[in-house]
Amino acid sequence: MTVPGRLFGVGLGPGDPELVTVKAARLIAAADVVAYHAARHGRSNARAIAVSYLREGQIEEPLIYPVTTETTDHPGGYQGAIDEFYAASAERLAAHLDAGRDVVVLAEGDPFFYGSYMHMHKRLADRYETEVVPGVTSVSAASAVLGRPLMERDETLTVLPGTLPPDELATRLATTDSAAIMKLGRTFEGVRDALDRAGRLDDAWYVERATTDRQRYGRLADIDPATVPYFSLALLPSPAATAFVSPTDSPAASSNGSVTVVGLGPGAREWLTPEAQAALAEADDVVGYTTYVNRVPANPRQRRHASDNKVEAERAAFALDLAKRGRRVAVVSSGDPGVFAMAAAVLEVSEDPQWKDVPIRVVPGLTAAQAVASRAGAPLGHDFCIVSLSDRLKPWDIIETRLTAAAGADLVIAIYNPASQTRKEQLVRARKVLLEHRDPQTPVVVGRDVGGPQEEIRVTTLGELDPATIDMRCLLIVGSSQTRVLPGGQVFTPRHYGI
């Protein structure tokens, strides 16, 4: 009985034959069969790298792709054609393995790093003895060619395919330290657009056919899309790589500073919008209340300016001054910056003529009211209003007048800033005002630290609400006469009034 042969997936590295590992060279020379993928013209980059390690008498199996683009007459479309090709190729190799021949499948770079070999492995590894020999990836090669490290210390490297939609690419690029984007060619313009939207285009590099005699590299923004082949990648090196860049290499600092007021959402990172992520990634400086600045991941190329929560005007003036001097400034707020937060403060201070030339943009965020409502059900399902109980910037009689009007109009009321260490009496007085217009059984949702590590949602009634249990990290939603609580505890306000 014939002993089946062994299957080897052998990584050849990025292109330079001298970057083939000793083990890979030995296995290639010893193989009975050497297989490699090739385009329809018959040329194979993998074979070209390994040619000096081949020997006479070996069987060569070129696996020639039936299609190289998504244009095909196959009834199953491109995917159907390529799946059929991989299945047929695997059976060709299986015939050699069944005959007792060892088969090496050559793979550019690393076999399991966007490599075609993996399609053979998935179809054959459960039937034959298999070994995968890693190779130097194109990402490592590009980093070496540029002389810029991929990452250091606690930085994160993200590897992305350029075939992702530009919107998704921009989102992911805005939240990572370093990145490699593979599969360029026809995707190049979309990748460049995503880098631009993420505020990372100035940091991006382009590398083509790294380590070969045809290698080319440069700043990605300077590359003509018409000249980009498939075998190329975009690289965002480590943010700390500026230490490796000479002053003449560094992009000139922009003279067009700006202020972007960014809503971070109520706490959970997954509630940060892609637009907010991109604005944060683009910034040179991050300005805000200490608690909120600490929620923004540290970036070595950015300056962070944290301050107390009672100096909004001073913080706004500081941010505008930075922008006037050419810096891209992100002023951060919890929730939505336009709801009791920094957007109004920045715009108010910007009325001073000295800031007239500073562009200001506001990036919205998920509000605390929306977050608490979602956790409770749908208490904001009908007309509602938002009131802050803080009397630091407006007199109490105005707050009381507005509470009376909202209660009389039978609006659901979302209450911000219900209490603090120095403001304990306001909620007691607000509850008294509301009880003059609302039944004591009116549902009240108490949300605390929603989106944070100590999140808590309680459903009580206006009559049973204990102000002593409420602090600055809470938001209250007081229902209308129509608001209901389901048996399972979910709270909602019907869309139709009085029905």
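Residues numbered from 1 in each chain as written. Predicted model: local features only at pLDDT ≥ 70, side-chain atom pairs only at ≥ 80, totals over all residues. Heavy atoms only, no water.

Asker: Can you help me understand the UniProt feature "domain: Tetrapyrrole methylase" (unreviewed entry) in the chain in this one?
Answerer: According to UniProt, the feature "domain: Tetrapyrrole methylase" (unreviewed entry) maps to residues 7-217 and 259-466 in the numbering used here. Regarding residues 259-466, the helix share stands at 32% and the strand share at 24%, and the terminal C-alpha atoms are separated by 41 Å. (UniProt positions renumbered as here; feature names shortened; annotations may be inferred. Helix = DSSP H or I, 4+ residues; strand = E, 2+ residues; numbered from the N terminus.)

Asker: Honestly, the nonpolar core in this entry has me stumped. Any pointers?
Answerer: Of all hydrophobic cores here, the largest spans 24 residues; its most connected members are L173, L184, L195 and L220. Contributing elements (two or more residues each) for this core: α6 (166-173), β7 (178-182), α7 (188-197), β10 (232-236) and α8 (274-282). If one sorts the elements of this core by residue count, α7 sits on top with four residues. Ignoring any residue separated from it by four or fewer positions in sequence, one finds L173 in contact with L160, A179, I181, A194, L195, A198, R200 and L236. By size, the runner-up hydrophobic cluster in this structure holds 22 residues, among which are I415, L427, V444 and V478. (Core = buried A, V, L, I, M, F, W, Y, C linked by side-chain atoms within 4.5 Å. Buried < 20%, exposed > 50% of the residue type's maximum accessible area, 1.4 Å probe, protein only. Contact = heavy atoms within 4.5 Å.)

Asker: Whenever I open this one, the side chain of D336 confuses me. Can you help?
Answerer: For D336, the position within the fold is in the loop between β14 (328-333) and α11 (342-349). Buried within the structure, D336 lacks any salt-bridge partner; R295 is the closest side chain of opposite charge, at an N-O distance of 12 Å. Other than its neighbours up to four places away in sequence, D336 contacts A341, P364, G365, L366 and T367. (Lys, Arg positive; Asp, Glu negative; His and termini not counted. Salt bridge = Lys/Arg side-chain N within 4 Å of Asp/Glu carboxyl O.)

Asker: Looking at this structure, I do not really get the state of the cysteines. What am I missing?
Answerer: One way to say it: the disulfide is the covalent bond shared by the sulfur atoms of two cysteines. Taken as a whole, this structure holds zero disulfides when the rule is applied. With no disulfide partner, C474 has as its closest neighbouring cysteine sulfur the one in C385, 19 Å distant. (Disulfide = S-S within 2.5 Å.)

Asker: Mind showing me how you'd approach the side chain of S44 here?
Answerer: Along the polypeptide, S44 turns up in the loop between β2 (33-38) and α2 (45-50). Judged by relative accessible area, which is 10%, S44 ranks as buried. Ignoring any residue separated from it by four or fewer positions in sequence, one finds S44 in contact with Y36, H37 and A38.

Asker: I would appreciate a short explanation of the packing of aromatic side chains in the present structure.
Answerer: Two descriptors summarise a pair of aromatic rings, namely the distance from one centre to the other and the angle between the planes of the rings. Summed over the entire model, instances satisfying the criterion amount to nine aromatic pairs. Geometrically, the ring pair formed by F85 and Y86 is tilted, given 5.4 Å between the ring centres and 45 degrees between the ring planes. On the accessibility criterion, F85 (9% relative accessible area) is buried. On the numbers, 6.1 Å between centres and 90 degrees between planes, the contact of F188 with Y206 is edge-to-face. Of this pair, F188 sits in helix α7 while Y206 is found in strand β8 (residues 205-208), placing the two residues 18 residues apart along the sequence. Like Y206, F188 is buried. What links up through ring pairs into an aromatic cluster is the set Y65, F85 and Y86. (Phe/Tyr/Trp six-rings, centres within 6.5 Å; stacked < 30°, edge-to-face > 60°.)

Asker: Explain the sheet that holds strand β23 (residues 491-492) here, please?
Answerer: What links the strands of a sheet is backbone hydrogen bonding, and the strands pair in either a parallel or an antiparallel sense. Read from one edge of the open sheet, three strands run β16-β23-β22, paired in mixed fashion. Of all the strands in the sheet, just β16 (377-378) and β22 (484-485) have a single pairing partner and so form its edges. When β22 meets β23, the two strands line up antiparallel, connected through two bridges. From the neighbouring strand, R484 faces β23, where its bridge partner is F492. (Pairing = 2+ DSSP bridges.)

Asker: For this particular structure, what's the right way to read a nonpolar patch on the surface?
Answerer: Together, F340, F384 and I386 line one region of the surface with nonpolar side chains, adding up to about 260 Å² of accessible area. Note that F384 resides in strand β17 (residues 384-388). Exposure remark for F384: the relative accessible area of 38% places this residue in the partly exposed category. (Patch = residues over 30% accessible without salt bridge, like charges linked within 9 Å, V, L, I, M, F, W, Y side chains within 5 Å. Areas by Shrake-Rupley, 256 points an atom, 1.4 Å probe, with all protein chains shown as cover.)

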